Amino acid sequence: MSLKNRTRIKEALISPESDKAITVKGWVRTRRGNKKIAFISLNDGSTINNLQIVADVPAFPEDLLRQVTTGACISVTGKLTSSVGSGQSVEILAETIELYGAADPNSYPLQKKGHSLEFLREIAHLRPRTNTFGAIFRIRHAMSYAIHKYFNDNGFFYLHTPIITGSDAEGAGEMFRVTTLDMLNPPKTADGKINFREDFFGKETNLTVSGQLEGELGALALSEIYTFGPTFRAENSNTPRHLAEFWMIEPEMAFYDIDDNMDLAEDFLKYLTTYALEHCNDDLQFLNNMYDKELLGRLSSVINTDFERITYTRAIDILSAADVTFEFPTSWGSDLQSEHERYLVEKHFQKPVIITGYPKKIKAFYMKQNDDGNTVRAMDVLFPKIGEIIGGSQREDDLQKLESRISELGIPADELGWYLDTRRFGSAPHSGFGLGFERMMLFITGMSNIRDVMPFPRTPKNAEF
Ligand code: 4AD
Ligand code: MG
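Quick caveat, the model's predicted, so the values are computed rather than measured.

### Description of the overall build of the protein chain
A tally of regular secondary structure across the protein chain gives 13 helices and 16 strands. Among the 465 residues that make up the protein chain, the fraction classed as buried is 50%. A fraction of 67% describes how many contacts in the protein chain between residues 6 or more apart in sequence connect residues 24 or more apart. Taken as a whole, the protein chain presents about 22,500 Å² of accessible surface, with 51% of it coming from carbon and sulfur. Counting 51 positive and 64 negative side-chain charges, the protein chain places the centres of these two groups 7 Å from one another.

Given below as structure tokens:
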């Protein structure tokens, strides 16, 4: 029998009782019992539920069972029988047990007692073995799959945009430099500056903050595309909602105006939420019971409500009239802080809100300018407990307006020649947005810190694992 032949615990748990022995493999969650009988709770990551293994102690070498402790990895063969104990419908009566790897109880950090999420972050290499992180990472997988399925089913093409970029046009924040130059002895130009012509790419390069600009190139040829990849921001924001490395989904669509863009965003978010409820039930139930009793209710309510759509100007009016004191006061022209976004969503409207028509001075150069000369066709989607989950806009498709905005902002236009070519040749109205994948994961799982929905998070002063 090949080594990988096994029954997944997820399948074993729903299998009927049978006379044929099966083999399961996994990590021991707990072991209890006495000198005669041992009950081993086994998990292989296929489901949040454990399979109970019953072992007749005298039938096994003492040295073997002694090492079957929390964290050990074993392979067990035996018959699946209906369980007399409560809590499970089937269990395995062990015939053979093979120990792959022991886990010394004196040093294995995950013991039966619960651990704090903070402690688990320090052992991110082992936390996938906990119920909580098993659930989160299975949901993360399901959401990734659902994202591709949604776009594929709707005629979008997955476009791979570069991770190393030579332009900082987006202005989304500080970037991480990519270089092969010797940092202790970099080549210099005549005027004493670092000579990036001698660098790997012959110019300054960074890790991308967004795939959007290249995504637009794709949309203006394939009509509807999306990207789904890692993005990087070197801002020093140590908040529960920011990562230095995060994943973003960025659809970009020709022939979509801002209303079409909002319709897509709303439909997409509802689709993903529905998908999670339909496919991740056990894991969501666990997270609901363990961390956030309102989680399942909140997910259902988002599917069943129309998102509120308001202008930035109306948002400012509501916030100015609000009966609460914000840390940051608001006035027309100021950017909305997380406290304002959450007030609108959680207190005022009590549902997701899409804000459009932001002041042009607080938004990126590429957003389509409204005729009022002050606002742009931006849209931010705000979610309960999260704040901003999506940022997007209709794009400026008029070459002259775009060029004048670029020069107003002092962006080096020569770096953007390739981008401007799309407006020069066969320009088209188009729109797009970016969904922060980990923010979506925060919403779906009900977790409150973004470090807990990313397998190996990168934040200021933290790039362990
Ligand atoms: O609003 P942002 O900066 O928009 C863009 O990057 C556009 N180029 C997107 C587009 O139109 N194609 O970022 C989009 C989303 C935010 O709404 C947020 O969900 C997430 O990305 N995000 C972050 N998530 C985690 N950590 C960070 N540091 C994030 N910064 C943005
Ligand atoms: Mg934004």
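Having seen it, we continue.
### Quick notes on the sheet that holds strand β10 (residues 224-232)
Read across the open sheet, the eight strands follow the order β6-β10-β11-β16-β15-β14-β13-β12; overall the sheet is mixed. Of all the strands in the sheet, the pair left with one neighbour each is β6 (157-158) and β12 (308-311). Bridging between strand β14 (residues 375-383) and strand β15 (residues 387-394) involves six bridges; their strand directions are antiparallel. Following the sheet pairing, Val381 is matched in β15 by Ile390. Here helix α4 (residues 131-153) sits on the sheet in contact with β6, β10 and β11 (245-254), set at roughly 150 degrees to β10.

### A few points about the pairing of strand β4 (residues 73-82)
Taking burial as the measure, the 10 residues of β4 include seven buried ones, the bulk of the element. Sheet analysis places strand β1 (residues 21-33) next to β4, joined by seven bridges and oriented antiparallel. Note that in β4 the partner of Lys25 across the bridge is Ser75. Two elements, β4 and strand β5 (residues 90-101), share 10 bridges in a ladder whose sense is antiparallel. Within β5, the position partnered with Val76 by the bridge is Ile97.

### Examining the layout of surface pockets
The calculated volume of the largest pocket comes to roughly 1,200 Å³. What lines the largest pocket is a set of 48 residues, and nearest its centre among them are Arg233, Lys363, Asp380, Glu388 and Arg439. When contributions to the lining of the largest pocket are tallied by element, the ones reaching two or more residues are β11, α10 (338-349), β15, β16 (430-436) and α13 (437-445). Element by element, the count of residues in the lining of the largest pocket is highest for β15, at six residues. Estimates place the volume of the second largest pocket at around 610 Å³. Taken together, 30 residues form the lining of the second largest pocket, with Arg29, Arg129, Thr130, Asn131 and Thr132 sitting closest to its centre. Of all the elements in the fold, those that place two or more residues in the lining of the second largest pocket are β1, α4 and α7 (281-290). Taken together, the residues that form the lining of the second largest pocket break down as 10 nonpolar, 14 polar and six charged. Shared between two domains, the lining of the second largest pocket takes at least three residues from each, and those domains are domain 1 (9-111) and domain 2 (127-174 + 209-452).

### Some words on a nonpolar patch on the surface
Taken together, the side chains of Ile163, Ile164, Phe200 and Phe201 make up a nonpolar region of the molecular surface, amounting to roughly 390 Å² of accessible area. With respect to the helices and strands, Ile163 occurs in the loop between β6 and β7 (164-165). The class for Ile163 is partly exposed, based on a relative accessible area of 36%.

### Examining the domain arrangement of the protein chain
As assigned here, the protein chain comprises domain 1 (9-111) and domain 2 (127-174 + 209-452). Centre-to-centre separation of domain 1 and domain 2, based on C-alpha positions: 45 Å. With 10 residues of domain 1 at the contact, the number on the domain 2 side is eight residues. Both faces considered, domain 1 and domain 2 share a buried interface measuring about 770 Å² in area, 47% of it formed by carbon and sulfur atoms. Taken together, the links from domain 1 to domain 2 amount to zero salt bridges. A per-class count over the side of domain 1 that touches domain 2 returns four nonpolar, five polar and one charged.

### Digging into the packing of aromatic side chains
What the rule picks out here adds up to 23 aromatic pairs. For the ring pair Phe307 and Phe383, a centre distance of 5.7 Å and an interplane angle of 80 degrees mean the geometry is edge-to-face. Highlighted residues: Phe307 in the loop between α8 (295-303) and β12 and Phe383 in strand β14, separated in sequence by 76 residues. The buried category is assigned to Phe307, whose relative accessible area is 5%. Phe383 gets classed as buried once you look at its relative accessible area, which sits at 0%. Here the aromatic rings of Phe365 and Tyr366 are separated by 5.4 Å at their centres, their planes lie at 75 degrees, and the arrangement is edge-to-face. Residue classification places Tyr366 among the buried residues on the basis of a relative accessible area of 5%. In this structure an aromatic cluster arises from ring pairing among Tyr145, Tyr150, Phe151, Phe156, Tyr158, Tyr226, Phe268, Tyr271, Tyr275 and Phe433.

### Some points on empty space enclosed by the protein
Counted by the stated rule, this structure contains three cavities of 30 Å³ or more. Size it by volume and the second largest cavity reaches roughly 40 Å³. Every residue along the wall of the second largest cavity is listed here: Arg233, Glu235, Ser237, His242, Leu243, Ala244 and Pro460. Residues that form the lining of the second largest cavity fall into these classes: three nonpolar, two polar and two charged.

### Side note on the pattern of salt bridges
Close approach of charged atoms lets side chains of opposite charge pair. According to the stated counting rule, one finds 24 salt bridges in the structure shown. For Asp452, the salt bridge is made with Arg121, and the minimal N-O distance between the two is 2.9 Å. Of this pair, Asp452 sits in the segment after α13 while Arg121 is found in helix α3 (residues 117-122), placing the two residues 331 residues apart along the sequence. On the basis of relative accessible area, Arg121 is assigned to the partly exposed category, the value being 21%.

Here is what the cut-offs are and how they apply
Residues numbered from 1 in each chain as written. Chains lettered and ligands numbered in written order. Predicted model: local features only at pLDDT ≥ 70, side-chain atom pairs only at ≥ 80, totals over all residues. Heavy atoms only, no water. Helix = DSSP H or I, 4+ residues; strand = E, 2+ residues; numbered from the N terminus. Buried < 20%, exposed > 50% of the residue type's maximum accessible area, 1.4 Å probe, protein only. Contact = heavy atoms within 4.5 Å. Areas by Shrake-Rupley, 256 points an atom, 1.4 Å probe, with all protein chains shown as cover. Lys, Arg positive; Asp, Glu negative; His and termini not counted. Charge placed at Lys NZ, Arg CZ, Asp CG, Glu CD. Pairing = 2+ DSSP bridges. Axes fitted to C-alpha atoms, helices over the stretch in contact; angles between N-to-C directions. 1 Å grid on protein atoms, 1.4 Å probe; cavity = no way out; pocket = protein on both sides within 12 Å on 5 of 7 lines; lining within 4 Å. Points joined across faces, edges and corners; volume = space filled by probe spheres on them. Nonpolar A, V, L, I, M, F, W, Y, C, P; charged D, E, K, R; others polar. Domains from an automatic or database assignment. Patch = residues over 30% accessible without salt bridge, like charges linked within 9 Å, V, L, I, M, F, W, Y side chains within 5 Å. Salt bridge = Lys/Arg side-chain N within 4 Å of Asp/Glu carboxyl O. Buried area = accessible area lost by both parts, 1.4 Å probe. Phe/Tyr/Trp six-rings, centres within 6.5 Å; stacked < 30°, edge-to-face > 60°.

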